[in-house]
Amino acid sequence: MSRYVAPMGQRQLGEREVSSPARATHPSWRKPVRNAARRGAVVGAVAVVLVGAGASAEAASERSEPVVSGAVINSGHDVIVGITHNVAFPVTVTGSDDSGLSFVDVDLKGPHGGFYTTDAFCETATDCTTVFTVNAHPAPGSDDPVDLANANAGTWSVDSLVDANDGDSTYSPGVASFSLKRAAQLTVNAAPEPVAKGAQITVTGKLVRANWDTYRYAGYAGRAVKLQFRPKGSSTYTTVATVNTSSTGNLRTTVKAVKDGYWRWNFTGSATTGPAKAAGDFVDVRP
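Residues numbered from 1 in each chain as written. Predicted model: local features only at pLDDT ≥ 70, side-chain atom pairs only at ≥ 80, totals over all residues. Heavy atoms only, no water.

The next subject is the overall build of the protein. Scanning the protein for helices and strands turns up one helix and 19 strands. Across the protein, the fraction of contacts at a sequence separation of at least 24, relative to all contacts at a separation of at least 6, is 65%. (Helix = DSSP H or I, 4+ residues; strand = E, 2+ residues; numbered from the N terminus. Contact = heavy atoms within 4.5 Å.)

If you want it as structure tokens, here you go:
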């Protein structure tokens, strides 16, 4: 599991092993040259050495640093965490370098001090994937603190430090962002069943979401939830009404019975909470 370390901004690139610069060449002591021919040969040799040194310095100055082009978190999906299981998700940093990418160190930074870090060797010259594991539940029989609190839900940013095979490194803060959300659940009940055509159907339900502070699910108040209907024999749900949850997350409304079909509640999610759909509840409408 990823643990806390000093954020990237507080680290020095010197913590990485990098190739040391080329050492300066010191000429050895020589005896005086006694004739022009020998002097010309020595001068020529020195010129070749100087030209070679200049070419090496120019090549070193032209060597490009690695470039980070972006990052993909959890295959582009929100990371949604409940209160029972660990959630593992990949972060793939992409980039390029003349020598190829070799290693990546990734930091995730979230609201109210949320922080994860981990690293990995790159699987290709342009792609480096790390895997993070987060949880919001205490381990059985353990008093270790959980990783997440309610205040950590929301938008997280991604920082990366990438090493190339030639020893160069590039630090890229804020290369991407993603949403880390609390899991939600919905229930539904449509009654009476069966019901006469034209009579009223009462549809109830409850929206709850994971409370990372108490390790339980609790009612989600004041949220707009769609009531949807799917006729028997169809695969498509249509929104019939939108209802706000009560202070305890409860839902209740009435609709007219028209035809046989399934009723469900659909919550599309919020900035801190994932979406949820109830399984359809079938109502038999009789003439």
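This part covers the pattern of salt bridges. A complete count under the given rule lists three salt bridges for this structure. R286 is paired through a salt bridge with D284; the nearest N and O atoms lie 3.1 Å apart. (Salt bridge = Lys/Arg side-chain N within 4 Å of Asp/Glu carboxyl O.)

What follows is about the sheet that holds strand β3 (residues 87–96). A sheet is described by the order of its strands in space; here three strands give the open sequence β1-β3-β6, paired in antiparallel fashion. Either end of the sheet is taken by a strand with one partner, and the two such strands are β1 (67–73) and β6 (127–134). Going from strand to strand, the sheet's axes swing by 20° on average, the running direction of each strand aside. Looking at chain direction, β3 and β6 are connected through eight bridges and run antiparallel. (Pairing = 2+ DSSP bridges. Axes fitted to C-alpha atoms, helices over the stretch in contact; angles between N-to-C directions.)

A few words on the environment of K109. Secondary-structure assignment places K109 in strand β4 (residues 101–109). Under the relative-accessibility criterion, K109 is labelled partly exposed at 26%. As a C-alpha pair, K109 and W156 span 47 residues in sequence and 5.4 Å in three-dimensional space. (Buried < 20%, exposed > 50% of the residue type's maximum accessible area, 1.4 Å probe, protein only.)

Let us look at unusual backbone geometry. Following A191, the chain continues to P192 via a peptide bond in cis, the omega torsion being 5°. The residue after E193, namely P194, is reached through a cis peptide bond having omega -5°. Assignment of secondary structure puts P194 in the loop between β9 (184–191) and β10 (195–196). The phi dihedral of N74 falls on the positive side, at around 50°, and the residue is not glycine. Of the residues examined, N74 reaches a relative accessible area of 18% and is grouped as buried. Even without glycine at this site, Y215 takes up a positive phi of about 65°. Its location among the elements puts Y215 in the loop between β11 (200–211) and β12 (216–219). For Y215, a relative accessible area of 37% translates into the label partly exposed.

A word on the sheet that holds β4. Pairing within the open sheet is mixed, and its five strands lie in the order β2-β8-β7-β4-β5. Bordering the open sheet on either side are β2 (79–81) and β5 (115–121), each of which pairs with just one other strand. Across this sheet, the average inter-strand angle for adjacent strands is 25°, counted without regard to direction. Across seven bridges, β4 lies against β5 in antiparallel orientation. When the sheet's bridge partners are listed, V104 is paired in β5 with A120.

In this section: the confidence of the model for the protein. Across the protein, pLDDT averages 83, with 77% of residues at or above 70. Below pLDDT 50 for its whole length, residues 3–60 participates in 39 contacts with residues either more than four positions away or in separate chains. (pLDDT = per-residue confidence, 0-100.)

This part takes up the nonpolar core. One recurring pattern in soluble globular proteins is that nonpolar side chains are buried together. In terms of nonpolar packing, the biggest core is built from 29 residues, with F89, L108, L148, F178 and W212 touching the most fellow members. If you list the elements that add at least two residues to this core, you get β1, β2, β3, β4, β6, β7 (154–164) and β8 (169–182). With four residues, the top contributor of residues to this core is β4. Each residue touching L108, except ones within four places of it in the same chain, is listed here: F89, V91, G114, F115, Y116, F132, W156, S157, V158 and F178. Grouped together as the second largest cluster of nonpolar side chains are 23 residues, V188, A190, V225 and A276 included. (Core = buried A, V, L, I, M, F, W, Y, C linked by side-chain atoms within 4.5 Å.)

Moving on to the pairing of strand β15 (residues 250–256). Burial along β15 is one-sided: L251, T253 and V255 are buried, and none of N250, R252, T254 and K256, which face the opposite way, are. Examined bridge by bridge, β11 and β15 share seven bridges and lie antiparallel to one another. Along β15, the bridge assignment pairs Q200 with K256.

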